[in-house]
Amino acid sequence: MFASLFKRAEASVENTLGELGNRVLIGIPFIVALGFAAASFSSYANRTYGPEIGNLIVAGGFVLLGFVVALVVKFRKRPSGPTSEVREEPASEEPQSTGPSFLEDDKVMSIVSAAAPIVLPAMLRTASKNWPLILAAAAGLYVFSRSESVGSAPQSPPQV
């Protein structure tokens, strides 16, 4: 009964990972080219304006590039439907239920509990070797999650 569901999920994950791998392979030459362009521009700016001002110019260029990328990502995430209509739903005291969690299934829980003693030590070994990277990724995820939730929260007037 669940075999076809697991096979479809596995195929979907494989397709997604394959597509992500292809995008990474396509993006690597562009990232290397951007690095060489930044080095060349930095050398030119340092030679023309001096090391302090040249480095500030390069840093400003990267800040502008970051803002442009952030705007592109923000506009891509927006739904393509009309956003002029704002719907306000009444606030309810009860949290909305999306149905049972897949972790409530006994078979899934038995698989997770059997795999945990094998996977957890390997994950902890990897995490202990790469803790600065994991800490930076967690900080980045926190910042991005806060910026989206702050921007999407409706502003309500203060109550007296």
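Sequence positions are assigned chain by chain, starting from 1 and proceeding in written order. Local features in a predicted model are, by the rule used here, given only for residues with pLDDT of at least 70; side-chain atom pairs are given and counted only at 80 or more, and totals for whole chains, interfaces and linings are based on all residues. Just so you know, side-chain values use all the structure's heavy atoms and leave hydrogens and water out.

(A) A look at the overall build of the protein chain. Helix and strand counts for the protein chain come out as 4 helices and 0 strands. Runs of E in the DSSP output that reach at least two residues are strands. Runs of H or I that reach at least four are helices, and both are numbered from the N terminus. The linear arrangement of helices and strands in the protein chain, starting from the amino end, is α-α-α-α. Burial status across the protein chain gives 4% buried among its 160 residues. For the protein chain, the accessible surface area stands at approximately 14800 Å², while carbon and sulfur atoms represent 67% of it. Accessibility here uses a 1.4 Å probe with only protein chains present; expressed as a share of the type maximum, an area under 20% marks a residue as buried, one over 50% as exposed, and anything in between as partly exposed. To be clear on the numbers: accessible area is Shrake-Rupley with a 1.4 Å probe, and residue cover counts the displayed protein chains and nothing else.

(B) Region of interest: a nonpolar patch on the surface. The patches described consist of residues with a relative accessible area above 30% and no salt bridge, like charges being joined within 9 Å and nonpolar side chains (Val, Leu, Ile, Met, Phe, Trp, Tyr) within 5 Å. The working definition used for a salt bridge is a side-chain nitrogen of Lys or Arg within 4 Å of a carboxyl oxygen of Asp or Glu. Taken together, the side chains of Val13, Leu17, Leu20, Val24, Leu25, Ile28, Val32 and Phe36 define a hydrophobic patch exposed on the protein surface, amounting to about 800 Å² of accessible area. Turning to its location among the elements, Phe36 is positioned in helix α1 (residues 3-49). The exposure class of Phe36 is exposed, given its relative accessible area of 64%.

(C) Local environment of helix α3 (residues 106-129). For a helix, the expected span equals 1.5 Å multiplied by the residue count minus one. Its 24 residues give α3 an end-to-end C-alpha distance of 34 Å, which sits within 8% of 34 Å, the value for a rise of 1.5 Å per residue. The largest bend in α3 is about 50°, located at Ala116, with the proline Pro117 one to four residues further on. At every residue, the bend is computed as the angle between two fitted axes, covering the seven residues ending there and the seven beginning there respectively.

Read these as layout, nothing more, since geometry by itself doesn't imply function.
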